[in-house]
Amino acid sequence: MVKEISLNGTLIHVDDYKEESVNGKHKVWITFKVTSEEYHEITTLLYEGTFDVVVPATGLSFRGSIGQYSTSIANLYEKGQVGEFTLTLVGSKKEGV
């Protein structure tokens, strides 16, 4: 079971993970929690848009971009808040770690 994924070297602990490969393109769906304290770091990372994606548990590694992104809460600036982020990453080819 996948518990973490790395985006550009930043490790993210995931609550849900799904992957598929269609016509040589990888697609990864993840959901993960973000606290108000992590919000700035995570959103700054996500604004990069394209990532070196590494899934340590499966050995999957690819260059991917955001296909879809959403969050359960709009204002994580308030202390003590936790939001659930949903992210779809789409890549082009399969590589080993």
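Throughout what follows, the structure given in this document is the object of discussion.

Rules and cut-offs
- Residues numbered from 1 in each chain as written.
- Predicted model: local features only at pLDDT ≥ 70, side-chain atom pairs only at ≥ 80, totals over all residues.
- Heavy atoms only, no water.
- Core = buried A, V, L, I, M, F, W, Y, C linked by side-chain atoms within 4.5 Å.
- Buried < 20%, exposed > 50% of the residue type's maximum accessible area, 1.4 Å probe, protein only.
- Helix = DSSP H or I, 4+ residues; strand = E, 2+ residues; numbered from the N terminus.
- Arc of directions from axis to C-beta.
- Contact = heavy atoms within 4.5 Å.

## Remarks on the nonpolar core
Then step 1. The biggest cluster of nonpolar side chains holds 23 residues, and the ones touching the most others in it are Ile5, Leu7, Ile12, Tyr17, Ile30, Phe32 and Phe85.
Then step 2. Of all the secondary structure elements, the ones that give two or more residues to this core are strand E1 (4-7), strand E4 (25-35), helix H1 (39-46), strand E5 (50-55), strand E6 (60-71) and strand E7 (82-91).

## Re H1
Then step 1. Of the positions making up H1, those classed as buried are Tyr39, Ile42, Thr43, Leu45 and Leu46. Mapping the buried residues of H1 onto a view down its axis gives an arc of 155 degrees, with all of them on the same face. For H1, exposure combined with an orientation more than 90 degrees from the buried face picks out His40 and Glu41.
Then step 2. Buried residues belonging to H1 abut E1, strand E2 (10-13), E4, E5, E6 and E7.

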